[in-house]
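Take a look at the letters that make up each chain.
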Amino acid sequence: MALVAVPGFGFMPEESHNSIETSYQNYLAAHNLSAADIPADYGDEIKCNHIVIPHWEQIYHHVAGEGLCPPKWDNASCIPPTLAGETAVFPCMAVFNGETYSPHLNATRHCYLNGTWAPTTDYRDCLCNSTEDCTQAGKTEENGALEISIIIYLVGYVLSFLALCGALTIFLSFREMRCLRHKIHIGLFCAFGLSALNWIFTKSLPELAQYLFSVFDAVYCTSWVSTFFFHLACFYWMFMEGLYLFLQVQFPLSLVSIKFKHFLIFGCGGPVINMAIWIVLRIILYDPSTTKDVIKNCPFFETN
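Keep in mind the model is a prediction, meaning the values are calculated, not measured.

Draft legend 1. Fine view of the overall build of the protein chain. Of the regular secondary structure elements, the protein chain holds seven helices and twelve strands. In the protein chain, the proportion of contacts linking residues at least 24 apart, taken out of those at least 6 apart, comes to 56%. Total accessible area computed for the protein chain in this model is approximately 17,700 Å², and 62% of it derives from carbon and sulfur atoms.

Draft legend 2. Broad picture of the side chain of Arg109. Looking at where Arg109 falls in the secondary structure, it is placed in strand E10 (residues 106-110). Of the side chains with opposite charge, Asp74 lies nearest to the buried Arg109, which makes no salt bridge, at 4.1 Å. A polar side-chain atom of Arg109 sits 2.8 Å from the main-chain carbonyl oxygen of Ala118. Engagement of the side chain of Arg109 in a polar contact is seen with the side chain of Thr121, the distance being 2.9 Å. Arg109 has contacts with Lys72, Asp74, Ile79, Thr87, Ala88, Phe90, Trp117, Ala118, Pro119, Thr120 and Thr121, leaving out every residue within four places of it along the chain.

Draft legend 3. Main features of the pattern of salt bridges. In the structure shown here, the tally under the stated rule is two salt bridges. Lys47 serves as the salt-bridge partner of Glu21, at 2.8 Å between the closest nitrogen and oxygen. With a gap of 26 residues between them, Glu21 in helix H1 (residues 14-30) and Lys47 in helix H2 (residues 40-52) connect regions that are remote in the sequence. Residue class for Glu21 comes out partly exposed when judged on its relative accessible area of 25%. A salt bridge links Arg124 to Asp122; the nearest nitrogen and oxygen atoms lie 2.8 Å apart. Among the residues examined, Asp122 registers a relative accessible area of 18% and is labelled buried.

Draft legend 4. How the structure looks around unusual backbone geometry. Look at Asn32: it is not a glycine, yet its phi comes out positive at around 55°. Tracing the chain through its elements places Asn32 in the loop between H1 and H2. Judged by relative accessible area, which is 73%, Asn32 ranks as exposed. Backbone geometry at Asn75 places phi at a positive 80°, although glycine is not the residue there. Relative to the assigned elements, Asn75 resides in the loop between strand E4 (72-73) and strand E5 (78-79).

Draft legend 5. How the structure looks around the packing of aromatic side chains. Taken as a whole and judged by the stated rule, the model has 13 aromatic pairs. Considering the side-chain rings of Trp224 and Phe228, the 6.3 Å spacing of their centres and the 40° angle between planes classify their relative orientation as tilted. Taken together, the positions of Trp224 and Phe228, both in helix H6 (residues 216-250) and four residues apart, correspond to about one turn of that helix. Given the relative accessible area of 30%, Phe228 is considered partly exposed. Of the aromatic side chains, those joined through ring pairs into one cluster are Tyr220, Trp224, Phe228 and Trp278. When the ring centre of Tyr24 is taken as reference, the NZ or CZ atom of Lys47 above it lies at 4.9 Å.

Draft legend 6. Up close: the environment of Pro54. Its place among the elements puts Pro54 in the loop between H2 and helix H3 (56-59). Along the sequence, Pro54 and Pro71 sit 17 residues apart, while their C-alpha atoms lie 9.3 Å from each other. Ignoring any residue separated from it by four or fewer positions in sequence, one finds Pro54 in contact with Cys48 and Asn49.

Draft legend 7. View of the state of the cysteines. A complete count under the given rule lists three disulfides for this structure. Through a disulfide, Cys48 is tied to Cys78; the S-S separation comes to 2.2 Å. Negative torsions about the S-S bond denote left-handed disulfides, and the value of about 70° found for Cys48 with Cys78 makes this one right-handed. Residue Cys48 is found in helix H2, and its partner Cys78 is found in strand E5; the two are separated by 30 residues along the sequence. Taking relative accessible area as the criterion, Cys78 reaches 1% and is therefore assigned buried. Here Cys165 stays unpaired: no disulfide links it, and the sulfur of Cys190, its closest cysteine neighbor, is 9.1 Å away.

What counts, and where the lines are drawn
Residues numbered from 1 in each chain as written. Predicted model: local features only at pLDDT ≥ 70, side-chain atom pairs only at ≥ 80, totals over all residues. Heavy atoms only, no water. Helix = DSSP H or I, 4+ residues; strand = E, 2+ residues; numbered from the N terminus. Contact = heavy atoms within 4.5 Å. Areas by Shrake-Rupley, 256 points an atom, 1.4 Å probe, with all protein chains shown as cover. Buried < 20%, exposed > 50% of the residue type's maximum accessible area, 1.4 Å probe, protein only. Lys, Arg positive; Asp, Glu negative; His and termini not counted. Salt bridge = Lys/Arg side-chain N within 4 Å of Asp/Glu carboxyl O. Polar contact = N/O pair within 3.5 Å; in protein donor to acceptor, adjacent residues only side chain to side chain. Phe/Tyr/Trp six-rings, centres within 6.5 Å; stacked < 30°, edge-to-face > 60°. Lys NZ or Arg CZ within 6 Å of the ring centre and 35° of its normal. Disulfide = S-S within 2.5 Å.

This is how it looks when you write it as structure tokens:
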């Protein structure tokens, strides 16, 4: 039996696909709706919840029977019925949240032996965000070099974070080391430590994409904004270190009236103000029609 690939629905006989489309048009007519006014992803939701799920045994008659997982709408695709103990493989949805995805790649979701679905759908291959076959995209040598550089950065950031944690433990363990100068050191170490930790988290997010699919772009975009913030905070605290030495040499008597809270306000408040201005300007000036996004729908990270 010849099967056709239907993005977001699976592989089914052509007559079943035609039946779904006919029922969809009838549904729209009954509710005085027009297909042109309905987003494609919302249209898929209607097809799944109102057509496929109630009549799936007739549509997927080639797999109908006992001991299987029934169709399920996961807010992006209509997972096709699958025999218990096997994995559903189906073409990536055509559109999700206004973004197009490659119909040449597949998503998967496992069906347990007891006839229940795994908690998440694996959309990692779909995240290429392309309408072309991207299985061969990119050069193998370039990808290999990129992976090596990321590993080197990751090892360096992990070691830096652990060393900074050790230094903070020493500073906080001894009362004699809680003078103003050492408190400024602690502020600098915290900025470097949080910057390293945030970088590790950000680079780990793509591996968690299948669990965060519906909010992945927003989380990934926010994590990069946090990366910029902590990176900026490091420079502010380095400036605090230099400012303290300057005051100690030029105005030693004035240091009596300067407290750590003054350094803390400047070291934390400065980056917040800078980032707030930057975020507002990016949102105002962002034009997706003239820029190429590195992260989809993220005005804070793009290339021209």
